[in-house]
Amino acid sequence: MFLAMGKSGKKRILLKIGSNVLTKETNQISRGKLEDIARQIASLKDEYEFIIVSSGAIAVAKQFVQLESNGKPINVKQALASIGQPHLMRIFHENFWELGLLTSQCLLSYSDFKEEESKTNIKNTINVLVKNNYIPIINENDTVATDEIKFGDNDKLSALAAALLKVDMLIIATNTNGIYTKESIEARGFQTIKETSNIEVLKTQIQNAISMHGTGGMTTKIDAAEIAQKANIETWIVNGLNDNFIVNAINNTSKFTKIILK
């Protein structure tokens, strides 16, 4: 029997995982990385509740099929997302289930965040899932929407969801040790900006950092952090390629960027 909604007393983290992390920058989804994420969530579940925004449906589909199309490239990507999404959820389920973690699928579109009724339904459904120890795995419904494919690899979606669901922290897992200073990028030294509340300064620091599989780059991550900051949510940009990256960030034993409140 499902329990009604209610505050658990745990801190709520929204974890956004990009395609580059899920594939460990290869051409296929890494079960080892999903095991790493599941193991960390299992170790933290007494103190934290997790909501995940995950890309990767198209990357999964490319492992199985090569589509031909008479239409636009965007339609091929939508079709790939449709093929890949159930496989992505199956891989999540298998890896999380082994550690006693329950998962659920939530497909959303940006238009869902524009209607009050839709927003209320999203909030109520996800709160019930979390209350009953299910981890919602959110992805964009790419079959009917093109925003994620075109813009930001789910970065904006994660920020909108974080604000709607009143999370305590947004963690964006990417393939760098946070945001690097402009000078260190130019010198190939890659020094991490450890903490800042100034989004505008960050925007002047970044360079092109678009990954092999993802489409987000650092620009959309900073835009996401700006949305979160306006909702009074701190954003951490961490290197998801490293093992134990969530726990290490929480324990402050790794290099990452904290975008704190003003």
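Keep in mind the model is a prediction, meaning the values are calculated, not measured.

Student: Explain helix α5 (residues 116-131) to me, please; I cannot follow it from the model alone.
Tutor: End to end, α5 covers 22 Å across 16 residues, agreeing with the expected 22 Å (1.5 Å per residue, within 8%). Of the residues making up α5, those classed as buried are Ile122, Ile126, Asn127, Leu129 and Val130. Seen end-on, α5 carries its buried residues on one side only, within an arc spanning 160°. Exposed side of α5, more than 90 degrees from the buried face: Glu116 and Glu117 are the residues found there.

Student: Before we go on, may I ask you to explain the UniProt feature "binding site: substrate" (unreviewed entry) in the chain in this structure?
Tutor: Within this structure's numbering, the places UniProt gives as "binding site: substrate" (unreviewed entry) are Ser55, Asp142 and Asn154. Relative to the helices and strands, Ser55 resides in the loop between β2 (48-54) and α3 (57-64).

Student: How should I be thinking about the sheet that holds strand β7 (residues 234-239) in this particular structure?
Tutor: Pairing between the strands of a sheet is mediated by backbone hydrogen bonds and can be parallel or antiparallel. In spatial order, the strands read β3-β4-β2-β1-β5-β7-β8-β6; together these eight strands make up an open sheet with mixed pairing. Looking at the sheet topology across the chains shown, the edges are occupied by β3 (102-108) and β6 (195-196). Where β3 meets strand β4 (residues 134-140), seven bridges bridge the pair, whose relative direction is parallel. In the sheet register, Leu108 faces β4, and the bridge partner there is Glu140. Where helix α4 (residues 73-97) meets the sheet, it contacts β1 (11-17), β2, β3 and β4, and its direction lies at approximately 155° from that of β3.

Student: Help me out: how do you make sense of the pattern of salt bridges in this one?
Tutor: Pairs can form between side chains of opposite charge once their charged atoms are near each other. Scanning the entire structure with this criterion turns up 10 salt bridges. Between Arg12 and Glu49 there is a salt bridge, and its shortest N-O distance comes to 2.7 Å. One end of the pair, Arg12, is in strand β1; the other, Glu49, is in strand β2, and 37 residues separate them in sequence. For the pair Arg12 and Glu49, one class covers both residues: buried. Of the charged contacts in the structure, one is a salt bridge between Lys203 and Glu226, with a shortest N-O distance of 3.1 Å. With Lys203 in helix α9 (residues 199-205) and Glu226 in helix α10 (residues 217-230), this residue pair connects regions lying 23 residues apart in the sequence. Connected through salt bridges with shared partners, the residues Lys16, Asp155 and Lys221 form a single ionic network.

Student: Got a minute to help me understand unusual backbone geometry in this structure?
Tutor: A negative phi angle characterises most non-glycine residues, just as the trans form characterises most peptide bonds. The phi dihedral of Lys24 falls on the positive side, at around 50°, and the residue is not glycine. Among the secondary structure elements, Lys24 is positioned in the loop between α1 (19-22) and α2 (31-44). Under the relative-accessibility criterion, Lys24 is labelled partly exposed at 37%. A positive phi angle is found at Asn133, which is not glycine, with a value near 65°. Relative to the assigned elements, Asn133 resides in the loop between α5 and β4. The exposure class assigned to Asn133 is exposed, which follows from its relative accessible area of 54%.

Student: Is there a simple way to think about the side chain of Lys258 in this case?
Tutor: Mapped onto the elements, Lys258 comes out in strand β8 (residues 257-259). Buried and unpaired, Lys258 has no salt bridge, with Glu195 as the nearest side chain of opposite charge at 4.7 Å. Residues in contact with Lys258, not counting those within four places in the same chain, are Lys194, Glu195, Thr196, Glu234, Thr235 and Trp236.

Student: How should I be thinking about the UniProt feature "binding site: ATP" (unreviewed entry) in the chain in this particular structure?
Tutor: According to UniProt, the feature "binding site: ATP" (unreviewed entry) maps to Lys16, Thr215, Gly216, Gly217, Met218, Thr219, Thr220 and Lys221 in the numbering used here. Relative to the elements of secondary structure, Met218 occurs in helix α10. Residue position: Lys221 is located in helix α10. In terms of polar contacts, Lys221 uses its side chain to reach the side chain of Asp155, at 3.2 Å.

Student: Even after reading the chapter, I still don't get the packing of α2 against α4, so can you show me in this structure?
Tutor: Viewed as axis vectors pointing N to C, α2 and α4 meet at an angle of 50°, and their least axial separation amounts to 9 Å. Overall, the two elements α2 and α4 adopt an arrangement that is oblique. When the axes of α2 and α4 are compared, the crossing they make is right-handed. Contacts from Arg31, Leu34, Glu35, Ile37, Ala38 and Ile41 of α2 reach α4 at Arg90, Ile91, Phe92, Glu94, Asn95 and Phe96.

Student: Explain the nonpolar core here, please?
Tutor: For soluble globular proteins, the rule of thumb is that nonpolar side chains tend to be buried together. Of all hydrophobic cores here, the largest spans 39 residues; its most connected members are Leu15, Ile52, Phe92 and Phe96. The dominant element in this core, judged by the number of residues it contributes, is α4, at eight residues. Sequence-distant contacts of Phe96, that is, excluding residues within four places in its chain, are made with Leu34, Ile37, Ala38, Ile41, Ile52, Leu101, Thr103 and Ile135. Ranked by size, the runner-up nonpolar core spans 33 residues in total, among them Cys106, Tyr110, Ile222 and Ala224.

Cut-off values and rules
- Residues numbered from 1 in each chain as written.
- Predicted model: local features only at pLDDT ≥ 70, side-chain atom pairs only at ≥ 80, totals over all residues.
- Heavy atoms only, no water.
- Helix = DSSP H or I, 4+ residues; strand = E, 2+ residues; numbered from the N terminus.
- Expected span 1.5 Å × (residues − 1).
- Buried < 20%, exposed > 50% of the residue type's maximum accessible area, 1.4 Å probe, protein only.
- Arc of directions from axis to C-beta.
- UniProt positions renumbered as here; feature names shortened; annotations may be inferred.
- Pairing = 2+ DSSP bridges.
- Contact = heavy atoms within 4.5 Å.
- Axes fitted to C-alpha atoms, helices over the stretch in contact; angles between N-to-C directions.
- Salt bridge = Lys/Arg side-chain N within 4 Å of Asp/Glu carboxyl O.
- Lys, Arg positive; Asp, Glu negative; His and termini not counted.
- Polar contact = N/O pair within 3.5 Å; in protein donor to acceptor, adjacent residues only side chain to side chain.
- Parallel < 35°, antiparallel > 145°, perpendicular 65-115°, else oblique.
- Left-handed = near helix turned anticlockwise from the far one by under 90°.
- Core = buried A, V, L, I, M, F, W, Y, C linked by side-chain atoms within 4.5 Å.

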